[in-house]
Amino acid sequence: MTSFNRSTSRRLQKLIQIPSVWEGDRRPMSSPSRDDSEGKGECILWVDGSQGIVRGMDVVDPDTGPEAIVRTLMRAMEHPHSPAKPARPQRIVVRDREIQFYLRGVLQDLDIAIDYVPELHLIDELFRGFEEIIDSQVPELPPQYASTLRNQALAIWQAAPWEFLEEQQILSIEINKWDVGTLYASVMGMLGMEYGILFYRSEDSLKRFRATVLSDDESQERLEEAFLKQDCLFLTFEGSNAIDEDDDDVEDLADLPLSEIDPTFGNIHPLEGLRSVLYDEEALVVLVALESFSRFIRDHRHQLIGETFLTLSRRYRITLPSDELAKSVNITVSTMPQLAAELEEMAGFSSTEEGDFANNPMFRSLRDDLIPEDSFLSLGVVSWEMLEYLRNGVTYHQAGEIQQVGDGLPVILIQTSRPKAKIVIESIEAAGKLKAICFNPGADPFDGDRYDLGLLQTNNGELFLFGEFLDDDPIHVEARKKWNQRCKNTQGYCGLIIAKGLTGASRGNPQLRDMMALFEARSLSPKELGIGTLQLMPQLQFE
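Residues numbered from 1 in each chain as written. Predicted model: local features only at pLDDT ≥ 70, side-chain atom pairs only at ≥ 80, totals over all residues. Heavy atoms only, no water.

Caption draft 1: Spotlight on unusual backbone geometry. Omega for the peptide link from Ser-82 to Pro-83 comes to 10°, which places this bond in the cis form. Assignment of secondary structure puts Pro-83 in the loop between helix 2 (67–78) and strand 4 (88–94). For Asn-176, which is not glycine, the phi dihedral falls at a positive 55°. As for its position among the elements, Asn-176 is in strand 6 (residues 171–177). According to the relative accessible area criterion, Asn-176 is exposed, its value standing at 54%. Although it is not a glycine, Trp-178 adopts a positive phi angle of roughly 55°. Among the secondary structure elements, Trp-178 is positioned in the loop between strand 6 and strand 7 (180–188). For Trp-178, a relative accessible area of 17% gives the class buried. (Helix = DSSP H or I, 4+ residues; strand = E, 2+ residues; numbered from the N terminus. Buried < 20%, exposed > 50% of the residue type's maximum accessible area, 1.4 Å probe, protein only.)

Caption draft 2: Geometry of the packing of aromatic side chains. Across all of its chains, the model carries eight aromatic pairs by this definition. Judged by centre distance (5.9 Å) and plane angle (65°), the ring pair of Trp-162 and Phe-237 falls under edge-to-face. In this pair, Trp-162 is assigned in the loop between helix 5 (143–159) and strand 6 and Phe-237 in strand 9 (residues 232–239), connecting sequence segments 75 residues apart. Judged by relative accessible area, which is 6%, Trp-162 ranks as buried. (Phe/Tyr/Trp six-rings, centres within 6.5 Å; stacked < 30°, edge-to-face > 60°.)

Caption draft 3: A look at the sheet that holds strand 2 (residues 42–48). With mixed pairing, five strands are arranged side by side in an open sheet as 3-2-1-4-5. The open sheet has two edge strands with one neighbour each: strand 3 (53–60) and strand 5 (113–116). Neighbour-to-neighbour, the strand axes of this sheet turn through a mean angle of 20°, independent of strand direction. Contacts between helix 2 and the sheet are confined to strand 1 (17–28), strand 2, strand 3 and strand 4, with strand 3 contributing the most and set at about 145° to the helix. (Pairing = 2+ DSSP bridges. Axes fitted to C-alpha atoms, helices over the stretch in contact; angles between N-to-C directions. Contact = heavy atoms within 4.5 Å.)

Caption draft 4: Just the pattern of salt bridges, in detail. Scanning all chains against the criterion turns up 27 salt bridges. One salt bridge connects Lys-207 with Glu-203, and the closest N-O pair in it is separated by 3.7 Å. Of this pair, Lys-207 and Glu-203 both sit in helix 6 (residues 203–214), four residues apart, roughly one helical turn. With a shortest N-O distance of 2.7 Å, Arg-295 and Glu-291 are connected by a salt bridge. A residue pair is termed a helical-turn pair when its members lie 3 or 4 positions apart in one helix, as Arg-295 and Glu-291 do in helix 8 (residues 280–299) at four residues. It is possible to trace a salt-bridge network through shared partners that takes in Asp-25, Arg-27, Arg-95 and Asp-124. (Salt bridge = Lys/Arg side-chain N within 4 Å of Asp/Glu carboxyl O.)

Caption draft 5: Examining helix 10 (residues 337–346) more closely. When helix 10 is considered as a whole, its buried residues turn out to be Leu-339, Ala-340, Leu-343 and Glu-344. Mapping the buried residues of helix 10 onto a view down its axis gives an arc of 140°, with all of them on the same face. With respect to the buried face of helix 10, the exposed residues turned more than 90 degrees away are Gln-338 and Glu-345. (Arc of directions from axis to C-beta.)

Caption draft 6: Local environment of the nonpolar core. Counting 52 residues, the largest nonpolar core has Ile-173 and Phe-237 as its most contacted members. Per-element tally for this core: the top contributor is helix 8, with 11 residues. With residues up to four places along the chain from it excluded, the contact list for Ile-173 reads Gly-181, Thr-182, Leu-183, Ala-185, Phe-199, Ala-289, Ser-292, Phe-293, Ile-331, Thr-332 and Val-333. Grouped together as the second largest cluster of nonpolar side chains are 26 residues, Phe-4, Met-74, Ile-99 and Ile-114 included. (Core = buried A, V, L, I, M, F, W, Y, C linked by side-chain atoms within 4.5 Å.)

Caption draft 7: Spotlight on the sheet that holds strand 9. If you walk across this open sheet you meet the eight strands as 11-10-9-8-7-6-13-12, and the pairing is antiparallel. One side of each edge strand has no neighbouring strand; the edge strands of this open sheet are strand 11 (273–275) and strand 12 (313–319). Neighbour-to-neighbour, the strand axes of the sheet open up by a mean angle of 25°, direction not taken into account. Here eight bridges tie strand 9 to strand 10 (residues 261–269), and the two strands are oriented antiparallel to one another. Looking across to strand 10, one finds that Thr-236 is bridged to Thr-264. Across the sheet, helix 8 touches strand 6, strand 7, strand 8 (196–200), strand 9, strand 10, strand 11, strand 12 and strand 13 (328–335), and the angle it forms with strand 12 is around 130°.

Caption draft 8: Quick look at the packing of helix 1 (residues 6–13) against helix 2. Interhelical geometry of helix 1 versus helix 2 gives an angle of 40° and a closest axis separation of 11 Å. Considering their axes alone, helix 1 and helix 2 lie oblique with respect to each other. As for how helix 1 packs across helix 2, the hand of that crossing is left-handed. From helix 1, Thr-8, Arg-11 and Leu-12 reach across to helix 2, where they touch Met-74, Met-77 and Glu-78. A per-class count over the contact of helix 1 with helix 2 returns three nonpolar, one polar and two charged. (Parallel < 35°, antiparallel > 145°, perpendicular 65-115°, else oblique. Left-handed = near helix turned anticlockwise from the far one by under 90°. Nonpolar A, V, L, I, M, F, W, Y, C, P; charged D, E, K, R; others polar.)

Rendered as structure tokens:
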């Protein structure tokens, strides 16, 4: 049997011994009245029965050995929950013979009596309270619809509508039942950031949210407020293995097998906020919406993949679960090209076809004369601690309140000579400072190569090319993957660092003393930028 080190025993013996009886036990967390197939672990409790207070509590895996109950007891003695003070009891009572014998062997040097009792009244009362809380919890999905909803969601995942539908290409789903008229489905996922479908209850809610997101005032508080003012039901997908969002090597969900995809349902309403629970009527609405949506994209996939968002409509009879009074319901699903055009116009998109940018004012302002040709360029991150040093020590322009999530702020680092760095900084300031950083697709029609073009957008509307990367370059692909995840963590905030020292000892690895300016900005997706794929022309300029 494992026993305390002598030094540990001496330390515990120095604790004041109080004339108290402590109850200790280890029990499953799940309620016996609920079907809890996933398991919730086991709870270890140490309670001072004389004072009626919990001194220590832990939740452990059911397979954890008996040492866990001793570890919790040690914390209950040395570092108890408030308002208890460090101490050791005169007597401990347990209701499990094995625990009694185990503790007698481990605690034999601490002058504590270990006794068996058939009932632990205080702990019994606490666990009854736990069970009442568990039993009163509302399930995320009504049990009668849960399996069907998850199957429908996984069918949507396999169909991957985000591969051919953009967020502004809305499908209307006319239900006219359960006090729901028409839902407006917006598909998320084309950017590989977050996958799912938003079912807006009105066009007005959809337009208001997009207008707020696209406005110049994109502070974190304003975006959160706009998010919570949406009126929609939603389906989103995440990894079932609880992928750590702070992990730089996090996988794209699209790379995971179906068995590791976990659908999440919920509701957003201005007066309710966000909740990841669907009640009966909401679950039924989402069920028929998903079924009709799935059938529609199956029937019209080839037409939806085309460059033009066509006018399409189809009526479906959806069979309802057997416990519903009605046997079925008729649902009409339609594309909404006019609304899509309106939303594109709000975002500043051009309706010209890919490669035809003669009338695009953004295209005419694309320049490649800002960044010196011999500059060192890298995609990276600065820690939050380093960010504060930079803000205090260099020319600095703030973009907004940045949420400090992940390992730091994603940045583009451009290192050149000191005179050229000063010219770059002055040029950006003269153009109204930096507004956004974007990676946009580019193509060479002559040799078939495709590029990922790094662009800087200044507040006067000009676009500057800072880098050309081959699409299939594995180093750049990995760097972009990390860039996207970090920008997601910071809600779209990023930065540009201009550094000197290109010909010195710090070439390729500038130190804090070499950094001359930090421009914070927003990260724009190609869709938000709205200039399409840029074609390399014979003059070796991207147009």
